[in-house]
Protein chains: 2
Amino acid sequence: MVKDTNTERIIFNAARKVFQKKGLDGARMQEIADEAGMNKALLHYYFRSKEKLFQGIFNESIGKISLGIQNVFNDNMGVIEKLQALVNIYVDTLSENRYLPLFVLNEMNQHPEKFEEILSKTIVVHLKGFLIQVEKEVQSGKIKPVNPLHLLMNVLGMVIFPFAAYPVVSIIINKNMDSSVEQFYLERKKEIFEFIVIALDPKK
Amino acid sequence: MVKDTNTERIIFNAARKVFQKKGLDGARMQEIADEAGMNKALLHYYFRSKEKLFQGIFNESIGKISLGIQNVFNDNMGVIEKLQALVNIYVDTLSENRYLPLFVLNEMNQHPEKFEEILSKTIVVHLKGFLIQVEKEVQSGKIKPVNPLHLLMNVLGMVIFPFAAYPVVSIIINKNMDSSVEQFYLERKKEIFEFIVIALDPKK
DNA sequence: GTCTATAAGTAGATAGAC
DNA sequence: GTCTATCTACTTATAGAC
């Protein structure tokens, strides 16, 4: 998706805001136009259709999500360091865009066939390397025996879920705690990391 | 939402299926009618409007979700036992209805104002009791010092996220593993419980 | 490139026959 | 209670003026 002109960028930014919040079905071209401060017809002039505009936004979102995983799985680090990097990247990314997880998860569930290809080529390949690495570190005694896929799901769940459940988190913290919501999300970097370290400690 | 007649029940079941899969905006009354094997006009005869029908389904879903939390927080058990019960209930419930988490999370994000009241009265109250209980067990040395809210988010994330990410889990397991998806979800009861036990072990 | 006006199609809802 | 036919409103998309 090329974003040459200024107008095109303005539309794209407005579309991101509306689509990520309301979803494909809930979003209205009129609302995107209002958000962009221009006429509805212009959206079609630059992007032809609602579907095409949505695809642009969605591809960008998928890119942001898989960036976190891919970078981490490519680097030359140990299992624990990789997971820590993954946690840090996601907390930072999702703190700036809390709608991202639900937006992507929804579309994945709505059109799973689109992901067969993407997932098979990228994540599954990197995952294979990660699975092997876990086995090696288990055998060398660096970490204790674990099922790598369960481990990964545990970490992804701990990181991503609280952002998807933002309204609950927000209400609970405002009623019960003296800290801010933003601070709570930042704290999770340390919290989850400690959880990981303890869970993988071979001495336990 | 009363479901007296047989027809009413059939419609309600069809609506649950369509709404939970497509969401309020994505669902079509025609599709619900087709799923129910009857005419579109009948849906309005029994439920007046799409919005009212949706509310019925949604209240039921919220009930199922909060049942897991409330039962657990009411019972007279220790922290670890409560969390284990919570995990078991959720894995069983969500195994039968994998769309439930995303469905509820979406509506919560779309209309957070509706939850201010519900959450404030139910979950937040029970949570208070849970927070206090955690503090007590920490002081008595039964579990190691932890932030109770982070602990709860960790557990909820580990349990709920893999169901929301079903398409990913499904593809990964079918490509990499020799076990079935259903078995993977059942395994999580034990996996998460062990994670909890280790993380709360005061001797570490 | 940007706007106004409008076409074309769709979805929720209702009227009225049976 | 259940159906067919239809109304009304809304939404995407385009035509055409500027």
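Residues numbered from 1 in each chain as written. Chains lettered and ligands numbered in written order. Predicted model: local features only at pLDDT ≥ 70, side-chain atom pairs only at ≥ 80, totals over all residues. Heavy atoms only, no water.

Q: I keep staring at the protein's contact with DNA strand C and nothing clicks. Help me out?
A: Residues in close proximity to DNA strand C total 17 residues, the closest being Asn39(A), Tyr46(A), Lys40(B), His44(B) and Lys50(B). Within 4 Å of the protein, the contacting atoms of DNA strand C are drawn from sugar and phosphate to the extent of 64%. A distance of 3.2 Å separates a phosphate oxygen of DNA strand C from a polar atom in the side chain of Thr7(A). At 2.8 Å from a phosphate oxygen of DNA strand C is found a side-chain nitrogen or oxygen belonging to Tyr46(A). (Near = heavy atom within 4 Å. Polar contact = N/O pair within 3.5 Å; in protein donor to acceptor, adjacent residues only side chain to side chain.)

Q: Looking at this model, I keep getting lost on the protein's contact with DNA strand D. Mind explaining?
A: Around DNA strand D lies a shell of 17 residues, among which Arg28(A), Lys40(A), Lys50(A), Asn39(B) and Tyr46(B) are the nearest. For DNA strand D, the fraction of protein-proximal atoms (within 4 Å) that sit in sugar or phosphate groups is 64%. Between DNA strand D and the protein, one listed contact pairs a phosphate oxygen with a backbone N or O atom of Ala27(A) at 3.5 Å. Thr7(B) is positioned such that a nitrogen or oxygen atom in its side chain is 3.1 Å from a phosphate oxygen of DNA strand D. Elements with a minimum of two residues in the surface near DNA strand D: helix H3 (40–47) of chain A together with helix H3 (40–47) of chain B. Taken together, the residues of the surface near DNA strand D break down into eight nonpolar, five polar and four charged. (Helix = DSSP H or I, 4+ residues; strand = E, 2+ residues; numbered from the N terminus. Nonpolar A, V, L, I, M, F, W, Y, C, P; charged D, E, K, R; others polar.)

Q: Sorry, what's going on with the interface of chain B and chain A here?
A: Reports of interface size often rely on the accessible area that becomes lost once the parts have come together. Counting residues at the interface gives 54 residues for chain B and 54 residues for chain A. When chain B packs against chain A, the two sides together hide about 5300 Å² of surface, and 71% of this comes from carbon and sulfur. Seen at the junction of chain B and chain A, the total is zero salt bridges. Scanning the region where chain B abuts chain A turns up 15 residue pairs in polar contact (both at pLDDT 80 or more). Mapped onto the side of chain B that touches chain A, the elements with two or more residues apiece are helix H1 (6–26), helix H6 (100–110), helix H7 (113–121), helix H8 (123–139), helix H9 (148–164), helix H10 (166–176) and helix H11 (181–200) of chain B. The greatest single-element share of the side of chain B that touches chain A, amounting to eleven residues, is contributed by H9(B). Class assignment of the residues belonging to the side of chain B that touches chain A gives a composition of 31 nonpolar, ten polar and 13 charged. (Contact = heavy atoms within 4.5 Å. Buried area = accessible area lost by both parts, 1.4 Å probe. Salt bridge = Lys/Arg side-chain N within 4 Å of Asp/Glu carboxyl O.)

Q: Just checking my understanding: could you explain the domain arrangement of chain A for this structure?
A: Residues and elements named next belong to chain A. Taken domain by domain, chain A comprises domain 1 (1–48) and domain 2 (55–200). Distance from the C-alpha centre of domain 1 to the C-alpha centre of domain 2: 29 Å. Of the residues lining the interface, seven residues belong to domain 1; the matching set on domain 2 comes to nine residues. Here domain 1 meets domain 2 over a buried area of about 810 Å², counting both sides, of which 62% is carbon and sulfur. When the buried surface of domain 1 facing domain 2 is broken down by residue, Phe12, Arg16 and Gln20 rank first, second and third, together holding 62% of it. (Domains from an automatic or database assignment.)

Q: Whenever I open this one, the packing of H1(B) against helix H4 (residues 50–74) of chain B confuses me. Can you help?
A: When two helices pack together, their arrangement is captured by the angle between the axes and the distance separating the axes. Residues and elements named next belong to chain B. Interhelical geometry of H1 versus H4 gives an angle of 90° and a closest axis separation of 9 Å. The orientation of H1 with respect to H4, classified from their angle, is roughly perpendicular. Facing Ile11, Phe12, Ala15, Arg16, Phe19, Gln20, Leu24 and Asp25 of H1, the residues of H4 in contact are Lys50, Glu51, Leu53, Phe54, Gly56, Ile57, Glu60, Ser61 and Lys64. Here the residues of the contact of H1 with H4 are counted per class, giving eight nonpolar, three polar and six charged. (Axes fitted to C-alpha atoms, helices over the stretch in contact; angles between N-to-C directions. Parallel < 35°, antiparallel > 145°, perpendicular 65-115°, else oblique.)

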